[in-house]
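Structure at a glance
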Amino acid sequence: MISLKSPHEIELMRRAGRITAQARALAGSLVRPGVSTLEIDTEVRKFIESQGAKPSFLGYGGFPGSACVSVNEVVIHGIPSKHIVLKEGDIVSVDVGAYIGGFHGDCAATFACGAISPEAQRLIEVTEQSFWEGIKLARPGNRVYDISHAVQKYVEANGCSVVRDFVGHGVGRNLHEAPEVPNFGPAGHGPRLQPGMTLAVEPMVCAGDWHVKVLKDKWTTVSADGSLTAHYENTILITDGEPEILTVTGD
């Protein structure tokens, strides 16, 4: 069942979203050569807890980190490790969530580690812009797959591909709620968008082929062809007009 949030619940989600967005920004500021992915995770956890919130991902399904920190060909669910040390030219996707007041925020972005290749920079830009293309359709009366189709169309027009095995989702009292929000599919399908719906829209994009594989740790998900990948996500609210981004820092 799709949950429509009340005005009070939306206020609580704005608070969770703000903390989550601030944690994402903090993580991005820490991406530089010589820093381990565990160091980023540790600082994200400290910040979220300092705000009176809990990291949404810590222990979720057994996940051992507070953030997913995914480097280069790792699309999502990179487990933070002291052995994964960033180097010049890497691109680093950080996915974070914060839980407070009974609600979750969820967002992600891909950051450059020092100077990166033009290919990597373009991949990051295409991935983020595909999110914005998608949410142009996030209006009441449209359908979920209108968002999905717009993301896919933009990504593929720019020579990249969208991951099929993992999708966006509703978010609220639970980290993952109905409906699923794919980054591909035919326009005009899926549940109709209604004011009060809160969705995590999250393009996951490969520079090469869209197929992925999950490694033996059962979390780390990489592009099957080893190509670079990027990830961009915000929690959004469907309103009577333009969608509202809930994962904003408030600055």
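Residues numbered from 1 in each chain as written. Predicted model: local features only at pLDDT ≥ 70, side-chain atom pairs only at ≥ 80, totals over all residues. Heavy atoms only, no water.

1. Quick look at the pairing of strand β4 (residues 91–100)
- Counting buried positions over the ten residues of β4 gives nine, a clear majority of the element.
- Direction of pairing for strand β1 (residues 54–55) relative to β4: antiparallel, over a ladder of two bridges. Looking at β4, one finds that P55 is bridged to A98.
- Where β4 meets strand β5 (residues 103–112), ten bridges bridge the pair, whose relative direction is antiparallel. Bridge pairing in β5 links Y99 to H104. (Buried < 20%, exposed > 50% of the residue type's maximum accessible area, 1.4 Å probe, protein only. Helix = DSSP H or I, 4+ residues; strand = E, 2+ residues; numbered from the N terminus. Pairing = 2+ DSSP bridges.)

2. A word on the sheet that holds strand β12 (residues 221–223)
- On the basis of which strands lie adjacent, the open sheet formed by three strands has the order β3-β12-β11 and antiparallel pairing. Strands with a single pairing partner mark the edges of an open sheet, and in this sheet they are β3 (74–76) and β11 (212–214). Recorded for the sheet is a direction-independent mean angle of 40° between the axes of neighbouring strands.
- Sheet analysis places β3 next to β12, joined by two bridges and oriented antiparallel. Bridging from a neighbouring strand, I76 pairs with T221 of β12. (Axes fitted to C-alpha atoms, helices over the stretch in contact; angles between N-to-C directions.)

3. A look at the environment of S93
- Within the fold, S93 resides in strand β4.
- When its relative accessible area of 2% is taken as the criterion, S93 is described as buried.
- When the C-alpha positions of S93 and R192 are compared, they lie 30 Å apart, and in sequence the two are 99 residues distant.
- What S93 contacts, discounting residues up to four positions off in sequence, is C68, V69, S70, V75, A109, T110, T229, A230 and H231.
- Within the local environment of S93, its side chain forms a polar contact with the side chain of T110, the two groups lying 2.7 Å apart. (Contact = heavy atoms within 4.5 Å. Polar contact = N/O pair within 3.5 Å; in protein donor to acceptor, adjacent residues only side chain to side chain.)

4. Looking at the pattern of salt bridges
- Considering all chains together, one arrives at ten salt bridges under this definition.
- Salt-bridge contacts for E244 lead to R14; the nearest nitrogen and oxygen are separated by 2.7 Å. A residue pair is termed long-range when its members are at least 10 positions apart, and E244 in strand β15 (residues 244–245) and R14 in helix α1 (residues 7–30) qualify at 230 residues.
- Judged by relative accessible area, R14 falls into the partly exposed class, the value being 27%.
- Two residues, K46 and E43, come together in a salt bridge whose shortest N-O distance is 3.6 Å. Note that K46 and E43 are positioned in helix α2 (residues 37–50) at a spacing of three residues, about one turn of the helix. (Salt bridge = Lys/Arg side-chain N within 4 Å of Asp/Glu carboxyl O.)

5. Here we look at the sheet that holds strand β6 (residues 161–162)
- Taken together, three strands build an open sheet; the order of strands is β6-β10-β13 and the sheet is antiparallel. Two strands in the sheet have a free side with no partner beyond their single neighbour: β6 and β13 (229–231).
- Where strand β10 (residues 204–206) meets β13, three bridges bridge the pair, whose relative direction is antiparallel. Residue pairing across strands places V205 opposite A230, the latter belonging to β13.
- Contacting β10 and β13, helix α3 (residues 118–135) runs over the sheet at an angle of about 35° to β13.

6. Focus: the state of the cysteines
- The final tally for this structure, using the stated rule, is zero disulfides.
- Summary of cysteine pairing: C113 is not part of a disulfide, and the nearest cysteine sulfur, belonging to C68, is at 19 Å.
- No disulfide involves C206; its nearest neighbouring cysteine sulfur is the one of C160, lying 8.9 Å away. (Disulfide = S-S within 2.5 Å.)

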